[in-house]
Amino acid sequence: MSQLPNNFGFADPEQIADTTRELTYIAAISEALREEMRRDPNVFVMGEDIGGTFGGAFKVTKGFTDEFGEKRVLNMPMAELGFVGAATGMALMGLRPVIEMQFADFISTAFDSIVQFAATNHYRWGAAVPWVIRAPSDGGLRSGPFHSQNPEAWFVHTPGLKVVAPATPADAKGLLLAAIRDDNPVIYFESKPLYRSEKGYVPPGDYVVPIGQANLARTGNDLSIITYGAQVREALTAAEQLAVEDIDVEVLDLRTLKPLDTEAILTTARKTGKVLIVHSANRLVGVGAEVAAIISDQAFEWLDAPIRRLGGLDTPIPFSPPLEDAYRPNAAKIVQMAKELAAF
Amino acid sequence: MSNYSLTRDQKLEIYYWMRLTRTFDDIAVAYWKQGRGVGGMFSERGHEAISVGTGYALAPEDVVAPLHRDLGCYLLRGLTLRRVFSNLLGRATGTNAGRDANMHGSGDMSLNLVGFISHLPQTVPVALGVAMSFVYRNEPRVAMTYIGDGSTSAGLFHETLNMAAVFNAPLVLIVENNQYAYSTPLVQQMKIPDIATRAAGYGIPGNIVEGNDVEAVYAVTKEAVERARAGGGPTLIEAKTMRMMGHAIHDGAEYVPRELLAEWERKNPVILFEQQLLAQGLTDQEELDEIKHRCEIEVTDAIEYAEKAPLPDPATVEQGVYAE
């Protein structure tokens, strides 16, 4: 196996098989893609700037053209609406395109191709559309209104799509493999703030994290934080700080946003009786609103406090650090809100 | 166009499909005007030569995404009139079991048919993707789809033709220029007289054809299909015709000058082809009448079948959103 020109921390699974190996979140994504392309000739990647020696805006597909050739690493013209439509056609013919949306913010450009054609197709005339869109999302990186967004709620609201949002390197790999093998269109929201700062054990080789299963990231008894994506790390950090003050927090990482793991949501809500829902996306009509509705519908008698939600503000995402920090949830805001909830 | 000349049997087969399409349309339009239909329906009157002439140019292994005025193409792929009329009436035996309206979503991959959505020209990138799958797998197959004059104004038309050219995809795009996009005439849609000239902007061939002349439509399409199959890339074909009725059944199309319709009625593609066949000495009126009669029987059978067919069970409403 030749060494990649710049491996950005990517490990070759054939060289590293011990259980202590750690990968960054982004390396886990890249590894999943590379391994699945080796395994299944129907899997290929397409997107803007992903091919050649460049390998994508975040270098997830660096070296892929060398290994897989131009036919399976399709550099796309700047036309998201068109190339997502093309991916649908390729998927109808049994291929499994993995589309890199350069930033999740640009996914709106492809909206019709996603929500009108691909999402409705199986219901309308029974033909499956097994593509995945990888959508690099979330902020905190001082990238302004158009490189920081979390548009997952649009797609959770769309029948026919599945939506996932991994929070750890191991889930990033396992959920991407599950998404590629799923026969439905899946939007895979990867969190840019985790790309190179989040490291963790990633099993070598083939495994999937099943779509639709949440993960109890931390057990606790006083209150539940239900979250996903980059806010899982913020919630776990907050939980550490709260533990010092004897507030014992449970953290549920949803991992899949559609279909939601209703059982896991209800189990933690019934266990602690106090729920704080957190996501980076703006709070208004966000995924957290549905989670809150599920709990109030089906776990009302167990609640000891109102369900609280923490999300982005109802504004475009501002650029300047103090403005973005005011916009976006983080561990400090979670601690504050959790304390109020614990004292309720 | 003589490279792709048709035998007598082929011409009579084409005539049969055109006549079947027209007979179906005449009866369906009357059915809806009597208030017996469900929801809306789209007349394909005037489009027979395009839908049959283009569809006839494909090989069985090719894949096509026809639109709402392309009944002839669907039938050529093997979609039965029974399934079509069942779907018009929202029956469980319809092409998509009543999931999608009228001819929308009339896809069936076992017939190499892709169903369209209302957001035109959304089938164009999807057909491009089908064509790209043939390149991916080195298969000598072709994808074809259609759009109207109106949807050439959408950005997606440009995005897709540009990509088709870049990837040298085996895609044939038929523009059915029928003069009106709903109520909007061509002059309010674009400043050029010929949509096919846009092909030059993508570096691909663009052809114009008289859309009511089925032999001409077949020949130009067949040439494009075989060029694509041989690795020659995409082609844009503009077939000029006239939408002879409203946008959909509810639309009286009072905005269309009657003289314009009268002018195009003189070029009725089915009658035109009958005259050609007679002039070429390939058939006689008796044989044409026999074909007409056969078409009437088939359409009547489809309607009777659909009227007796079960409606979908409301308990199934949530089924099929996802592939399991």
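Just so we're clear, the structure is a prediction, and the values are computed from it rather than from any experiment. Along every chain, residues carry numbers that run from 1 in the direction the sequence is written. Both sets of labels track the order of writing: A upward for chains, 1 upward for ligands. Residues qualify for local features only when their pLDDT is at least 70, as the model is predicted, and side-chain atom pairs are given and counted only at 80 or more; totals for whole chains, interfaces and linings, by contrast, use all residues. By convention in this description, side-chain values take in all heavy atoms of the structure and omit both hydrogens and water.

## What about helix α7 (residues 230-244) of chain A?
This is how it is decided: To sort residues, take the accessible area from a 1.4 Å probe on protein chains only and compare it with the maximum for the residue type: under 20% means buried, over 50% means exposed, and anything in between is partly exposed. By definition, any uninterrupted DSSP run of H or I lasting at least four residues is a helix, any uninterrupted run of E lasting at least two residues is a strand, and each is numbered from the N terminus. The criterion used for residue contact is that any of the two residues' heavy atoms lie within 4.5 Å.
Taken residue by residue, α7 of chain A has Ala230, Gln231, Val232, Glu234, Ala235, Ala238, Ala239 and Leu242 of chain A as its buried positions. Close packing links the buried residues of α7 of chain A with β7 (186-191), β9 (215-218), β10 (223-227), β11 (249-253), β13 (275-282) and α11 (331-343) of chain A.

## What to know about α11 of chain A
All names here are of chain A. What counts is decided by this rule: The length a helix should cover is 1.5 Å for every residue beyond the first. For this analysis, a polar contact is any N or O atom pair within 3.5 Å, provided that within protein one partner can donate a hydrogen and the other can accept it, and provided that sequence-adjacent residues contribute only side-chain to side-chain pairs.
Its 13 residues give α11 an end-to-end C-alpha distance of 18 Å, which sits within 8% of 18 Å, the value for a rise of 1.5 Å per residue. Along α11, the positions that sit buried rather than exposed are Ala331, Ile334, Val335, Met337, Ala338 and Leu341. Where α11 is buried, its residues contact β10, α7, β13 and β14 (308-312). Two to three positions downstream of the cap, the backbone nitrogen of Ala332 sits 3.2 Å from a side-chain oxygen, assigning the N-cap of α11 to Asn330.

## With respect to the domain arrangement of chain A
Interfaces are often sized by the accessible area lost when the parts come together. Residues and elements named next belong to chain A. Rules: An automatic or database domain assignment is the source of the domain bounds shown. Put simply, buried area is how much 1.4 Å-probe accessible surface two parts lose in total, over both of them, once they are put together. The term salt bridge refers to a pairing of a side-chain nitrogen on Lys or Arg with a carboxyl oxygen on Asp or Glu at a separation within 4 Å.
Segmentation of chain A into domains returns domain 1 (22-201) and domain 2 (215-343). On a C-alpha basis, the centroid separation for the pair domain 1 and domain 2 is 26 Å. With 32 residues of domain 1 at the interface, the matching set in domain 2 holds 23 residues. By the criterion of area lost to domain 2, the three top residues of domain 1 are Arg142, Val156 and Ala165, representing 26% of everything that side buries. Linking domain 1 with domain 2 are five salt bridges. Across the pair Glu324 and Arg142 runs a salt bridge, and its minimum N-O distance is 3.0 Å. At the surface where domain 1 touches domain 2, the tally comes to 16 residue pairs in polar contact (both at pLDDT 80 or more). Mapped onto the side of domain 1 that touches domain 2, the elements with two or more residues apiece are α5 (152-156), β6 (162-164) and α6 (169-181). No other element matches α5, which puts four residues into the side of domain 1 that touches domain 2.

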